Amino acid sequence: MDNQKRGQWAGNIGFILAAAGSAVGLGNLVKFPYLAAKHGGGAFLLIYLLIVVLIGFPVMLAELTIGRKTNKNEIGAFRQLNKKFTWVGALGILTGFLINCYYCVIGGWTIKYLITYVTGANFGGDTDAFFGNFISSGLQPVLFALVFFVATGFIVWKGVAGGIEKASKFMMPALAILLVIIAIRSCTLPGAIEGIKYYLIPDFSKITGGTFIAALAQAFFSLSLGMGIMVTYGSYLSNKENLAKNALIVPAFDTIIAMTAGFAVLPAMFATGYEPAASTVGSLFVIMPGVFDKLPLPFVFGSLFFILVIFAALTSSISLMEGTVAYVSEEWKLGRTKAVLLVGAVETVLGILASLSLGGNINWMNWLPTVQAGGIKMMSFFDFLSENPDKLFMPIGAMMVCIFVGWFWGLDKAEEHIESEGNKFILKGYWRFAVKWIAPIAIFIIFLSGIGVINF
Ligand code: PHE
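What this report covers is the structure whose coordinates are included nearby. In this text, all values refer to a predicted model and were calculated from it rather than measured experimentally. (Residues numbered from 1 in each chain as written. Predicted model: local features only at pLDDT ≥ 70, side-chain atom pairs only at ≥ 80, totals over all residues. Heavy atoms only, no water.)

**Examining the overall build of the protein**
Within the protein one finds 18 helices and two strands. If one aligns the C-alpha atoms of the protein with their principal axes, the spans along those axes are about 60 × 50 × 45 Å. Within the protein, the fraction of its 456 residues that count as buried is 59%. Intrachain contacts of the protein at a sequence separation of at least 6 include 79% that bridge at least 24 residues. Carbon and sulfur atoms provide 68% of the accessible area of the protein, an area that totals close to 17400 Å². (Helix = DSSP H or I, 4+ residues; strand = E, 2+ residues; numbered from the N terminus. Buried < 20%, exposed > 50% of the residue type's maximum accessible area, 1.4 Å probe, protein only. Contact = heavy atoms within 4.5 Å. Areas by Shrake-Rupley, 256 points an atom, 1.4 Å probe, with all protein chains shown as cover.)

See below:
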């Protein structure tokens, strides 16, 4: 595991499940249904679909191509193609690294919830208070985060085919089956039909400029774009596989899961009198347990739901850690074992600090000042980690990937690689135009809106 030989996916299906595993995460399960509910149901679904095809696909293909062409980690890949763009790789790795610090903390919470259901404990009738008390209780959330970090690190340590691919091949199909079971339960509840109508019938009056921004930002986060994960995952793919086809299949998988999650979550919320919350965390840990409490057999559906959430989070956190580990092991020549120990340890320490910043006696952590549109805001270390990388760095990363491929490395060279070994390049003409113009401009607009320069 530690020698110079790079890992490679054992097969294309393994790659697809691993990449889809990265893409399908906490964002799909509750954030997507929330956005759909807020922005006109079916109208949002149409816009989201359009954005995934028009912008998600070209950016994903650009990232996969950079990775497979160079067979390197993200920094190595950019450096090889054009030294001046090495910083784009560095930014991507930094973004994934920071996101994983809080992502695994949330992952730890999902384990706590599963255990709560499995042991038959309940939430004391007040899921809001239960959640607030738990995350601010200091030691407990730290221990659960630790478990999640160790699980993530272990899978990454087992390697590309032996760890990530194997784990994804088990967890992704299981996730899909669990999601369908919960969606069927949700859609057959008395009163569910109102939720289904709300979800599917388009209400175009709710569409504003903000809808497009929200859909774009969600598509990027959901497809794990803009932080080099798809560069890294693409770098382990054999040259004979068709990148253009894969760049359509992975987003399709991700979108089907997100849309099914809408059926799992919204009708059940409607039937039990809840509304989806704006925050992913609030929906997952406060509202969904509240929903299950009102249904028969909360223990069964709560347990199944949190197993599903754990799988979704774990296949994403391994991709986040792998991006950094690939860099550290290859560029610092440490080998996989030492790289996992180092990256895992630093992420765990930062994750623990982030967790502690949510409460207990450690409120002194809430000192981090951040510049917001309206001035300076004080935030906890947890919010700092969770709000900045995805809103700021991710769009810059994705935009630079497009600018790099469209204007510097060159569409012709990218195209030549995509078509190598006789592979058919689906949607070639569109892809060229999108990478050069549509995607970078669209992403620049999200970026401006993310930093509050424009407001819709
Ligand atoms: N795509 C994951 C989700 O939807 C989150 C994620 C983002 C994972 C970036 C890896 C990289 O939750």
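**Let's talk about the site of the ligand**
Taken together, 15 residues lie near the ligand, and Ala23, Leu26, Gly27, Tyr103 and Phe221 sit nearest. Between the ligand and Tyr103 there is a distance of 3.0 Å, counted from an oxygen atom to a side-chain nitrogen or oxygen. Ser222 places a main-chain nitrogen or oxygen 3.1 Å from a nitrogen atom of the ligand. With respect to the pocket detection grid, the ligand is positioned in the largest cavity. Listing elements by their share of the shell around the ligand, those giving two or more residues are α1 (12-23), α2 (26-38), α10 (209-222) and α14 (298-331). Tallied by class, the residues present in the shell around the ligand amount to seven nonpolar, eight polar and no charged. (Near = heavy atom within 4 Å. Polar contact = N/O pair within 3.5 Å; in protein donor to acceptor, adjacent residues only side chain to side chain. 1 Å grid on protein atoms, 1.4 Å probe; cavity = no way out; pocket = protein on both sides within 12 Å on 5 of 7 lines; lining within 4 Å. Sits in = over half its atoms within 2 Å of the grid points. Nonpolar A, V, L, I, M, F, W, Y, C, P; charged D, E, K, R; others polar.)

**Some points on the environment of His417**
Tracing the backbone through its elements, the reader meets His417 in helix α17 (residues 411-418). Spatially, the C-alpha atom of His417 lies 11 Å from that of Ala244, the residues being 173 residues apart in sequence. Setting aside residues no more than four positions away along its own chain, His417 makes contact with Thr65, Arg68, Lys69, Asn239 and Leu243. Among the polar contacts listed, one links the side chain of His417 to the backbone nitrogen of Lys69, at a separation of 3.5 Å.

**Details of the nonpolar core**
Ile66, Phe220, Val405 and Trp431 are the most contacted members of the largest nonpolar core, which has 155 residues in total. Looking at this core, the element that brings in the most residues is α14, giving 17 residues. Setting aside its immediate chain neighbours within four residues, Trp431 contacts Phe57, Pro58, Leu61, Ala62, Val405, Leu411, Ala414, Ile418 and Phe425. (Core = buried A, V, L, I, M, F, W, Y, C linked by side-chain atoms within 4.5 Å.)

**A closer look at a nonpolar patch on the surface**
Taken together, Trp407, Phe408, Phe433, Trp437, Ile441 and Ile445 make up a surface patch of nonpolar side chains, about 630 Å² in accessible area. Sorting the residues of the nonpolar patch by element identifies α16 (381-409) and α18 (428-450) as the ones contributing at least two each. At four residues, the largest contribution of residues to the nonpolar patch is made by α18. When you line up the elements, Trp437 lands in helix α18. We classify Trp437 as partly exposed; its relative accessible area is 41%. (Patch = residues over 30% accessible without salt bridge, like charges linked within 9 Å, V, L, I, M, F, W, Y side chains within 5 Å. Salt bridge = Lys/Arg side-chain N within 4 Å of Asp/Glu carboxyl O.)

**Thoughts on the pattern of salt bridges**
Applying the stated rule across the entire model yields 10 salt bridges. Across the pair Glu330 and Arg6 runs a salt bridge, and its minimum N-O distance is 2.9 Å. Linking Glu330 in helix α14 with Arg6 in the segment before α1, this pair joins segments that are 324 residues apart in sequence. Given the relative accessible area of 23%, Glu330 is considered partly exposed. The partner of Glu415 in a salt bridge is Arg432, and the shortest N-O contact between them spans 2.2 Å. You can see Glu415 sitting in helix α17 and its partner Arg432 sitting in helix α18, a full 17 residues away along the chain.

**Describing the packing of aromatic side chains**
In this description, an aromatic ring pair is defined by two values, namely the gap between the centres and the angle between the planes. Going through the model one piece at a time under the given rule, you end up with 34 aromatic pairs. Judged by centre distance (5.6 Å) and plane angle (80°), the rings of Trp109 and Phe285 are edge-to-face. Placement of the pair is Trp109 in helix α5 (residues 86-118) and Phe285 in helix α13 (residues 280-293), with a sequence separation of 176 residues. Accessibility classification places Trp109 together with Phe285 in one group, the buried group. (Phe/Tyr/Trp six-rings, centres within 6.5 Å; stacked < 30°, edge-to-face > 60°.)

**Regarding unusual backbone geometry**
In the Ramachandran plot, Ser224 falls in the positive-phi region, its phi being about 55° despite a non-glycine side chain. Counting through the fold element by element, Ser224 comes out in the loop between α10 and α11 (229-235). Ser224 gets classed as buried once you look at its relative accessible area, which sits at 7%. Within the chain, Lys333 stands out as a residue other than glycine whose phi angle is a positive 55°. When you line up the elements, Lys333 lands in the loop between α14 and α15 (335-356).

**What to know about the side chain of His39**
Relative to the assigned elements, His39 resides in the loop between α2 and α3 (42-70). When residues no more than four places from it in sequence are discounted, the contact partners of His39 are Phe44, Lys206, Ile207, Gly210, Thr211 and Ala214.

**With respect to empty space enclosed by the protein**
Counting across every chain of the model gives three cavities of 30 Å³ or more. Considered as a void within the structure, the largest cavity measures approximately 130 Å³ in volume. Lining the largest cavity we find 16 residues, and of these Ser22, Tyr103, Phe221, Ser224 and Ser316 sit closest to its centre. Its residues placed into classes, the lining of the largest cavity shows eight nonpolar, eight polar and no charged. By volume, the second largest cavity is sized at about 40 Å³. (Points joined across faces, edges and corners; volume = space filled by probe spheres on them.)

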